[in-house]
Amino acid sequence: MTTEPEDSAHRPEDAPTHPVYPDLAGKVAVVTGGSRGIGAETGRALAAQGVAVCLVGRDRPALFEVAESIGKQGGTATGVVADVTDAAALGRVAERVADELGPVDILAAFAGGQSAPTPSLELTEDRWRQVLDTDLTSAFLTIRTFLPGMVERFSGSILTLSSSAGRQPGQANLAYGVANAGLTMLTRQLATELGPQGIRVNCLAPTTVRTDKVAAGMSKELQHKAALRHPLRRLAEPADVASTAVFLASDAANFLTGITVDVAGGRITN
């Protein structure tokens with residue numbers, strides 16, 4: 001008889017401590033969606049490796065709180081408020097990063113998250129376009145903005161953030177699933193195109209991550225039930241995704257490109 005952990009939905013002691021990747025020290029990273037959740041945790045994890053991080057987001061107080069917390073830990077981080085669906089705004093971010101931090105080595109296009117369930121018959125055209133803009137077009141625009149510098153230097157690591165909704169049908173709305181599936185193909189296409197120019201492109205696809213938003217909006221009972229759908233019997237923590245992102249950005253993954261890593265606790269295995 002198998003006994004489940006008393007609180008398998010949230011076991012932070014299982015979240016990873018990040019290994020040290022010495023090659024990352026001194027590099028520059030841009031992380032979109034950096035004001036909270038996976039983006040914020042990825043920014044913290046990169047900064048802990050000695051990476052100078054620019055966090056991009058729309059929530060000014062949250063963004064600068066994350067940047068300040070990184071500074072208090074001895075890291076280097078700046079926050080830039082911008083809408084990543086706006087190409088002109090991204091251009092201004094690139095100019096500021098170049099002036100303040102230098103050339104970008106690591107780009108984590110992590111903004112998005114418009115996953116609220118909506119029956120497809122109730123999904124309006126406006127909502128469809130909004131979700132695709134926020135979750136897919138934003139990644140394209142972000143990459144297009146910073147790519148020329150990477151091509152010029154013949155070096156760079158680009159990370160995209162999809163989700164399990166892009167890997168198999170689920171409860172998220174149709175537009176979100178399509179956008180996330182698009183992110184995996186965007187990753188594969190760019191990896192094939194940019195590999196000969198020394199640039200790696202990889203994707204992370206987590207299942208349910210216990211961000212503050214999820215913890216606040218999902219009851220303990222529902223978290224527990226969701227955890228039991230994973231063979232590892234817990235939900236992912238933001239640090240689980242961030243740890244994978246740091247690995248993929250590092251030279252330890254220097255022969256990996258065009259892949260999608262299912263940070264899914266065994267729930268997705270293909």
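Residues numbered from 1 in each chain as written. Predicted model: local features only at pLDDT ≥ 70, side-chain atom pairs only at ≥ 80, totals over all residues. Heavy atoms only, no water.

**Topic: the overall build of the protein chain**
Here's step 1: Within the protein chain one finds 8 helices and 7 strands.
Here's step 2: Across the 270 residues in the protein chain, those meeting the buried criterion constitute 47%.
Here's step 3: Restricting the contact set of the protein chain to residue pairs at least 6 apart, pairs at least 24 apart contribute 74%.
Here's step 4: Summing over all exposed atoms, the protein chain offers an accessible surface of approximately 13,000 Å²; the carbon and sulfur share of this is 52%.
Here's step 5: Computed over 24 positive and 29 negative side-chain charges, the separation of the two mean positions in the protein chain equals 3 Å. (Helix = DSSP H or I, 4+ residues; strand = E, 2+ residues; numbered from the N terminus. Buried < 20%, exposed > 50% of the residue type's maximum accessible area, 1.4 Å probe, protein only. Contact = heavy atoms within 4.5 Å. Areas by Shrake-Rupley, 256 points an atom, 1.4 Å probe, with all protein chains shown as cover. Lys, Arg positive; Asp, Glu negative; His and termini not counted. Charge placed at Lys NZ, Arg CZ, Asp CG, Glu CD.)

**Here's the deal with the packing of helix 1 (residues 37-48) against helix 2 (residues 60-72)**
A packed helix pair is summarised by two numbers, namely the angle formed by the two axes and the spacing between the axes.
Here's step 1: Interaxial distance between helix 1 and helix 2 falls to 10 Å at its minimum, and their mutual angle equals 20°. The angle between helix 1 and helix 2 falls in the class roughly parallel. Along this stretch, helix 1 crosses helix 2, giving a crossing that reads as right-handed. In this structure, helix 1 contributes Ala40, Gly43, Arg44 and Ala47 to the contact, and helix 2 contributes Val66, Ser69 and Ile70.
Here's step 2: In terms of residue class, the contact of helix 1 with helix 2 is built from 4 nonpolar, 2 polar and 1 charged. (Axes fitted to C-alpha atoms, helices over the stretch in contact; angles between N-to-C directions. Parallel < 35°, antiparallel > 145°, perpendicular 65-115°, else oblique. Left-handed = near helix turned anticlockwise from the far one by under 90°. Nonpolar A, V, L, I, M, F, W, Y, C, P; charged D, E, K, R; others polar.)

**Notes on the nonpolar core**
Here's step 1: Counting 32 residues, the largest nonpolar core has Leu46, Leu55, Phe110 and Leu204 as its most contacted members.
Here's step 2: For this core, the elements supplying multiple residues, two or more each, are strand 1 (28-32), helix 1, strand 2 (52-57), helix 2, strand 4 (106-109), strand 5 (156-161) and helix 8 (238-249).
Here's step 3: Here this core gets 6 residues from one element, more than from any other, and that element is helix 8.
Here's step 4: Not counting residues within four places of it along the chain, the set of residues in contact with Phe110 comprises Val31, Thr32, Gly33, Ile38, Gly39, Thr42, Leu159, Thr160, Leu161, Leu204 and Ala245.
Here's step 5: Among the nonpolar cores identified, the runner-up in size contains 28 residues, and Val84, Val93, Leu107 and Ala111 belong to it. (Core = buried A, V, L, I, M, F, W, Y, C linked by side-chain atoms within 4.5 Å.)

**What to know about unusual backbone geometry**
Here's step 1: Non-glycine residue Phe154 carries a positive phi angle of around 60°.
Here's step 2: Positive phi is not limited to glycine here, since Arg233 has a value of about 60°.
Here's step 3: Relative to the helices and strands, Arg233 is located in the loop between helix 7 (220-228) and helix 8.

**Side note on helix 3 (residues 87-100)**
Here's step 1: When the terminal C-alpha atoms of helix 3 are compared, their 20 Å separation across 14 residues agrees well with the 20 Å that a helix rising 1.5 Å per residue should span.
Here's step 2: Taken together, the buried positions of helix 3 are Ala89, Leu90, Val93, Ala94 and Val97. The buried residues of helix 3 occupy one face: seen down the axis, they fall within an arc of 145°. In helix 3, the exposed positions that point more than 90 degrees away from the buried face belong to Arg92, Glu95 and Asp99.
Here's step 3: Tucked into the core, helix 3 has its buried residues touching strand 1, strand 2, strand 3 (76-81) and helix 4 (125-153). (Expected span 1.5 Å × (residues − 1). Arc of directions from axis to C-beta.)

**Quick word on the confidence of the model for the protein chain**
Here's step 1: Looking at the protein chain, the pLDDT average stands at 89 and 93% of residues meet or exceed 70.
Here's step 2: Segment residues 1-12: pLDDT under 50, and 22 contacts once partners within four positions in sequence are set aside and those in other chains are kept. (pLDDT = per-residue confidence, 0-100.)

**Overview of the packing of helix 4 against helix 5 (residues 174-194)**
Here's step 1: With their axes 8 Å apart at the nearest point, helix 4 and helix 5 run at an angle of 20° to one another. The angle between helix 4 and helix 5 places the two elements in the roughly parallel class. Seen from above, helix 4 lies across helix 5 with right-handed handedness. Residues Trp128, Val131, Leu132, Asp135, Leu136, Ala139, Phe140, Ile143 and Leu147 of helix 4 touch helix 5, and the partners they reach there are Leu174, Ala175, Tyr176, Val178, Ala179, Asn180, Gly182, Leu183, Leu186, Leu190 and Leu194.
Here's step 2: Looking at the contact of helix 4 with helix 5 residue by residue, the class counts come to 17 nonpolar, 2 polar and 1 charged.

**A short note on the sheet that holds strand 4**
Here's step 1: Read from one edge to the other, the open sheet built from 7 strands follows the order 3-2-1-4-5-6-7, with strand pairing classed as parallel. Both edges of this open sheet fall to strand 3 and strand 7 (260-261), since each of them pairs with a single strand only.
Here's step 2: Alignment of strand 4 against strand 5, held across 4 bridges, turns out to be parallel. Across the sheet, the residue bridging to Ile106 is Ser157, located in strand 5.
Here's step 3: Together, strand 4, strand 5, strand 6 (199-204) and strand 7 form the strand contacts of helix 8, whose direction differs from that of strand 6 by roughly 165°. (Pairing = 2+ DSSP bridges.)

**Describing the pairing of strand 4**
Here's step 1: Neither face of strand 4 is left uncovered, since the one carrying Ile106 and Ala108 and the one carrying Leu107 and Ala109 both have all their residues buried.
Here's step 2: Pairing between strand 1 and strand 4: 3 bridges, direction parallel. Within strand 4, the position partnered with Val30 by the bridge is Leu107.

**Overview of helix 1**
Here's step 1: Under the 1.5 Å per step criterion, the end-to-end length of helix 1 is 17 Å for 12 residues, consistent within 8% with the ideal 16 Å.
Here's step 2: Counting buried positions over the 12 residues of helix 1 gives 9, a clear majority of the element.
Here's step 3: Buried within helix 1 we find Ile38, Gly39, Ala40, Glu41, Thr42, Gly43, Ala45, Leu46 and Ala47.

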